[in-house]
Amino acid sequence: MSGRASVGWQTALADLSLILFMITAAAVSRQPARAGTHQEGGGNAAAASATPSPQAEPLAVYVDAPGAPPLPEWLAQQTLDPRQQVTITARYGAESGAQERAIAAAARLLYKAGRAGRAARVVVEPGEGPPRIVVAFDSPPAPERVGAQPALASHEMSRSMLAGR
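Our subject in this report is the structure included herewith.

The rules behind each value
Residues numbered from 1 in each chain as written. Predicted model: local features only at pLDDT ≥ 70, side-chain atom pairs only at ≥ 80, totals over all residues. Heavy atoms only, no water. Helix = DSSP H or I, 4+ residues; strand = E, 2+ residues; numbered from the N terminus. Buried < 20%, exposed > 50% of the residue type's maximum accessible area, 1.4 Å probe, protein only. Areas by Shrake-Rupley, 256 points an atom, 1.4 Å probe, with all protein chains shown as cover. Phe/Tyr/Trp six-rings, centres within 6.5 Å; stacked < 30°, edge-to-face > 60°. Core = buried A, V, L, I, M, F, W, Y, C linked by side-chain atoms within 4.5 Å. Contact = heavy atoms within 4.5 Å.

Brief notes about the overall build of the protein
Here's step 1: Regarding its fold elements, the protein presents 6 helices and 4 strands.
Here's step 2: Ordering the α and β elements of the protein from the N terminus gives α-α-β-α-β-α-β-β-α-α.
Here's step 3: Burial analysis of the protein (165 residues in total) assigns 24% to the buried set.
Here's step 4: Total accessible area on the protein is roughly 11200 Å²; 60% of this is exposed by carbon and sulfur atoms.

A short note on the packing of aromatic side chains
Here's step 1: All told, the structure shown has 1 aromatic pair when counted by the stated rule.
Here's step 2: Centre to centre, the rings of Tyr62 and Trp74 are 5.3 Å apart; their planes meet at 45°, and the pair counts as tilted. Taken together, the positions of Tyr62 in strand β1 (residues 58-63) and Trp74 in helix α3 (residues 71-77) put the pair 12 residues apart, joining distant regions of the chain. You'll find Tyr62 and Trp74 in the same group, each marked buried.

Focus: the nonpolar core
Here's step 1: Ranked by size, the top nonpolar core spans 17 residues in total, and within it Leu71, Trp74, Ile88 and Ile133 carry the most contacts.
Here's step 2: Of all the secondary-structure elements, those providing two or more residues to this core are β1, α3, β2 (85-92), α4 (98-115) and β4 (132-136).
Here's step 3: Here the element with the most residues in this core is α4; it accounts for 6 residues.
Here's step 4: Every residue in contact with Ile133, bar those within four places of it in the chain, is listed here: Ala60, Val61, Tyr62, Leu71, Trp74, Val86, Thr87, Ile88 and Leu109.

These figures come from the coordinates and say nothing about function on their own.
Structural data, given as structure tokens:
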């Protein structure tokens, strides 16, 4: 008789576990998408535009702040692999003209990187803090870069960005 009683509580526990799993799965499926994830059927466009751009784990980080070494000197100290990419990220707040100042800061850093012979990706996004330059293994696959002249392109792009101010 005691053998039959142990099967009863095990079955009840398994049933309760299954019910808990189904309730948890239903609750998780109703939560809004996390930053950086894509949800079919749209989503909150305002929240998605305010999330930082996806990037790989940084190998080296330069913060354009007082007391920082000159950018060309810092870039010369970095050994770059063809799979690595330099990313300039400038952030702007809600105040008037902040976006234009962030673009100008990014263009200035892009110009310096181009003069140092380094191509860079530029990201200008909402947020706080000084511009940052990151070296990471997040370079696009080779087919997307075929025929590109990275150092020349970044230098010319920064000139056009600076001229457009």
